[in-house]
Each structure stands twice: as structure tokens, then as C-alpha cells.
Amino acid sequence: MQPVLQLKNVKKTIGRKEIIKGITFDVFPGEVFGFLGPNGAGKTTTIRMLVGLMSITDGEVIIKGTDIAKNFEKAVANIGGIVENPEMYKFLTGYQNLVHYGRMVNGVTKERILEVTKLVGLEKRINEKVKTYSLGMRQRLGIAQALLHSPSILILDEPTNGLDPAGIREVRDYVRKLAREEGLAVIVSSHLLSEMEMMCDRIGIIQNGELVGVQKVTDFVGEDTRIRVQFQVGDVVKALSILSNEYSSLEINQTEKGFELMTDHDMIPQINASLVKNEIQVYGIVQLSKSLEDRFLEVTGGSGIE
Ligand SMILES: Nc1ncnc2c1ncn2[C@@H]1O[C@H](COP(=O)(O)OP(=O)(O)O)[C@@H](O)[C@H]1O
Ligand SMILES: [Mg+2]
């Protein structure tokens, strides 16, 4: 499948400060891609470049095969986005707001307005004034507005900020539905891991303007929490024979001073104990890769998981 959005080493410098330090990732049709990172990490700045609100200092953004720097209008026509809180006229109805925004876009018909209203589940309330809407409904009206011109990519910057749990759930359900049923690629940002887990297919963690990891949520919340670990030992041959006997499913690779293996974090002490029990000298145990959760804890200083 072709990616609908590609970022290739995208950078942003403001004044002398490099705010985005070279970000690369792809997003595919029908997936919800989460952009996760603490406040100040660079989520909004990246998103502003994607929707054309800010120039790109270096690198490429390719939207449905079109380079945003070479053919801005064609590229950006594929994107619908809400960057700041959607500004709605509270004394107009939801429908009147959509008509108003529809006038700014070519070819928005009454049918399209009713279609987007249905997509976000507002058909029963669309003729009521926005001031009577809950925050979750306002956010959904914002999403409807962003969908008016039939984009292939929907970009939402912290769409659940300020919402109560019911509102968060509403937005999450509609985001998932749009990706699944309409084949939209959705990019959502957040600083909450728990929220991203429920909404996204893949999560990219951003820290200090750098993407420190991209991972499928199924890998992450599923069973596969394995990490790569290196052991330095005295008698490598003996160690390998002991471990392959005791743990037949372990994939072990011999290295210069020992071996490397992929294992669950919880297994490390057990493997070490087996070696020691068999009188193998263990000189060092080094964790080579980190799980997404490890990285996220680092990014947030341990305080971000709620
Ligand atoms: N216009 C600007 N001028 C200078 N610094 C900026 C500007 N916009 C954002 N920044 C800085 O860039 C960093 C990333 O900000 P932002 O993209 O808003 O992060 P996030 O959305 O992840 O919270 C922050 O350190 C912020 O202070
Ligand atoms: Mg932000």
C-alpha cells in the first residue's frame, strides 16, 4: 500500500533554535497515527508544517505523491486539519456553521454537508445552536468542518484536550470510525499514552523535536514486550549450550565477548541465575533496545502515564 503522507527528514528552525530536528515517518490510508510527546516536544510545530500554516526549513513532506514545497495547493487539498480549537459561531446552528465554512471551499454541496454531519454523528442536533453543544459535540462539528472538502488525511492536534471522559470517548470513537469506514488516514497528537493506545494503530513518540520511536499499538499493548539484551560472559560456548537446553525458544546470537538475545524484561534475572548456577562468569548485562513504554517514561520523566 502507498503511504498517503510521507515526512522525510523534516526540520524546522525558528531564529537560531532548531525546533524540529529531522523527522521521518509515513502514514497509510485507513490508519490512525498517534503523535505522542510531552508539552513542548514539537507536535504542534510539525502539524503546522503539514497543514501549510508554517514553512518547512528542510526535508520533504509528500502528500499523495505531491511534494508540498513544489505544488502546495495540490498537496494541501488532500488535508483536513484542526490545529487550534475549532472556532465556531456559538449563536449559529451547527448546520449554519458548516454552510459558512463550506462557502470558503470549492464545490461543497448541501449533500456533502449532510454527509459530514452523519459521519460525525451530529444529524439529530445539527439544527440547534452550537452554544447548546457539549465540548465533545463541538469537537465533532470541527471534525465535520475539516472533512467538508473530502480530504484523504485528517490531522487533529490534541483533539481531546479539555474534554471530559465522555467527550474523549466520543471523539475517539468517531476518529476510529472515520479511519475504518472511510479509509481516512488520521493523525492525532496527544501527551497522554493511555489515550493514544485506545485511539491509534501506530504511535510515534516525539521528544525535543526528534522522533524517538514508532511502534504498532498491537505490539505494544500485546504480548510482545521483548527487548534486545547483551550478556558478557566467560565461557561463551558453555553458556550457549546451557541456555539452549534450558530455554529452547530463545534466539541467541554469539558475539565477540558473549551473546545477544531477544527476551522479555522479566526473564533477564532468570537467565542470569541459570548462568550463575552453572558457574558461568557474568561480566555484564546490557539492555540494547527499549520498549515504547521505557522510551515514553524517559520522555516524560515518568509522569506521563495516566
Ligand atoms: N514561533 C515560535 N518561536 C519560537 N519558538 C517556538 C515557536 N513555536 C514553538 N516554539 C518552541 O518549539 C518547541 C515545540 O513547541 P510545540 O510544537 O508547540 O510543542 P507541542 O505541541 O509538542 O507542545 C517549544 O519549545 C516551543 O517553545
Ligand atoms: Mg501543541
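Per chain, residue numbering runs from 1 following the sequence as it is written. As they are written, the chains are lettered A onward and the ligands numbered 1 onward, keeping that order. At least 70 in pLDDT is required for a residue's local features to be given in this predicted model, at least 80 for side-chain atom pairs to be given and counted, and no such filter applies to totals for whole chains, interfaces and linings, which use all residues. For the side-chain quantities, the full set of heavy atoms in the structure was used; hydrogens and water were omitted.

Next up on the list: the overall build of the protein chain. Across its full length, the protein chain carries 11 helices and 14 strands. Projected onto the principal axes, the alpha-carbon positions of the protein chain cover approximately 80 × 40 × 35 Å. Exposure classes here rest on a 1.4 Å probe applied to the protein chains alone. A residue is buried below 20% of its type maximum, exposed above 50%, and partly exposed in between. Looking at the protein chain residue by residue over its 306 residues, the buried ones come to 46%. Restricting to contacts in the protein chain with at least 6 residues of sequence separation, those with at least 24 account for 69%. Here, Shrake-Rupley sampling with a 1.4 Å probe gives the accessible areas, and only protein chains in the shown set may cover a residue. When the accessible surface of the protein chain is summed, it comes to about 15600 Å², and 47% of that surface belongs to carbon and sulfur atoms. Once the 36 positive and 39 negative side-chain charges of the protein chain are each reduced to a mean point, those two points are 8 Å apart. By the criteria applied, helices consist of DSSP H or I runs no shorter than four residues and strands consist of E runs no shorter than two, each listed in order from the N terminus. A contact between two residues is defined here by any heavy atoms of the two lying within 4.5 Å. Think of it this way: Lys and Arg go in the positive column, Asp and Glu in the negative one, and His and the chain ends go nowhere. We put the charge of a Lys on NZ, of an Arg on CZ, of an Asp on CG and of a Glu on CD.

A few words on the pattern of salt bridges. Each reported salt bridge corresponds to a side-chain nitrogen of Lys or Arg within 4 Å of a carboxyl oxygen of Asp or Glu. All chains considered together, the criterion is met by 9 salt bridges. Between Lys 70 and Asp 67 there is a salt bridge, with the nearest N and O atoms lying 3.8 Å from each other. Judged by its relative accessible area of 72%, Lys 70 is exposed. In this structure, the salt-bridge partner of Asp 173 is Arg 169, at a minimum N-O distance of 3.5 Å. Note that Asp 173 and Arg 169 are positioned in helix α6 (residues 165–182) at a spacing of 4 residues, about one turn of the helix.

Time to look at the sheet that holds strand β4 (residues 58–63). Two strands are said to pair when DSSP picks up at least two bridges between them. Strand order across the open sheet formed by 4 strands is β2-β1-β4-β5, with antiparallel pairing between neighbours. Only two strands of the sheet have a single neighbouring strand rather than two, namely β2 (17–27) and β5 (66–67). Note that strand β1 (residues 5–14) and β4 share 5 bridges and pair antiparallel. Considered in β4, the bridge of Gln 6 is made with Ile 62.

With respect to the helices and strands, the residue Gly 136 is situated in helix α5 (residues 135–147). Separated by 99 residues in the primary sequence, Gly 136 and Gly 37 place their C-alpha atoms 23 Å from one another.

Here strand β11 (residues 226–233) shows a buried face lined by Ile 227, Val 229, Phe 231 and Val 233 and an unburied face lined by Arg 226, Arg 228, Gln 230 and Gln 232. Sheet analysis places β11 next to strand β13 (residues 258–264), joined by 7 bridges and oriented antiparallel. Within β13, the position partnered with Phe 231 by the bridge is Phe 259. Pairing analysis gives 5 bridges linking β11 to strand β14 (residues 282–287), with the strands arranged antiparallel. In the strand pairing of β14, Val 233 is matched with Val 282.

Time to look at the confidence of the model for the protein chain. The score called pLDDT rates the predictor's confidence residue by residue, from a low of 0 to a high of 100. Mean pLDDT over the protein chain: 89, with 91% of residues reaching 70 or higher. Highest mean pLDDT in the protein chain belongs to β1 (97); lowest belongs to helix α8 (residues 217–221) (63).

The nearness test applies per residue and asks whether one of its heavy atoms lies within 4 Å of the molecule or strand. Close to ligand 1 lie Ile 14, Lys 17, Ile 19, Pro 38, Asn 39, Gly 40, Ala 41, Gly 42, Lys 43, Thr 44 and Thr 45, which account for all nearby residues. For ligand 1, an oxygen atom lies 2.7 Å from a polar atom in the backbone of Gly 40. Separating an oxygen atom of ligand 1 from a side-chain N or O atom of Thr 44 is a distance of 2.8 Å. Protein coverage of the free-state accessible area of ligand 1, which is 560 Å², stands at 60%. For the shell around ligand 1, the secondary-structure elements that each account for two or more residues are β2 and α1 (43–50). It is α1 that provides the largest number of residues to the shell around ligand 1, a total of 3 residues. By the convention adopted, Pro, Cys, Tyr, Trp, Phe, Met, Ile, Leu, Val and Ala count as nonpolar, Lys, Arg, Asp and Glu as charged, and the other residues, Gly among them, as polar. In terms of residue class, the shell around ligand 1 is built from 4 nonpolar, 5 polar and 2 charged. Counting of polar contacts relies on pairs of N or O atoms within 3.5 Å, with two restrictions inside protein: one atom must be capable of donating a hydrogen and the other of accepting it, and residues adjacent in sequence are counted only when both atoms are side-chain atoms.

Turning to the side chain of Asp 67, a few remarks are in order. Checked against the element boundaries, Asp 67 lands in strand β5. Judged by its relative accessible area of 13%, Asp 67 is buried. Those residues in contact with Asp 67, other than ones at most four positions away along the chain, are Glu 60, Val 61 and Ile 62.

Pairing of aromatic side chains requires ring centres within 6.5 Å, counting the rings of Phe and Tyr and the six-membered ring of Trp. Pairs whose planes differ by under 30 degrees are stacked, by over 60 edge-to-face, and all others tilted. Across all of its chains, the model carries 3 aromatic pairs by this definition. Both rings, one in Phe 25 and one in Phe 33, keep their centres 4.5 Å apart while their planes meet at 5 degrees; by these two values the pair is stacked. Using a relative accessible area of 0% as the deciding quantity, one classes Phe 33 as buried. Each ring, one from Phe 25 and one from Phe 35, has its centre 5.6 Å from the other, and the planes form 50 degrees; the classification is tilted. In this pair, Phe 25 is assigned in strand β2 and Phe 35 in strand β3 (residues 32–36), connecting sequence segments 10 residues apart. The two residues Phe 25 and Phe 35 agree in class, both being buried.

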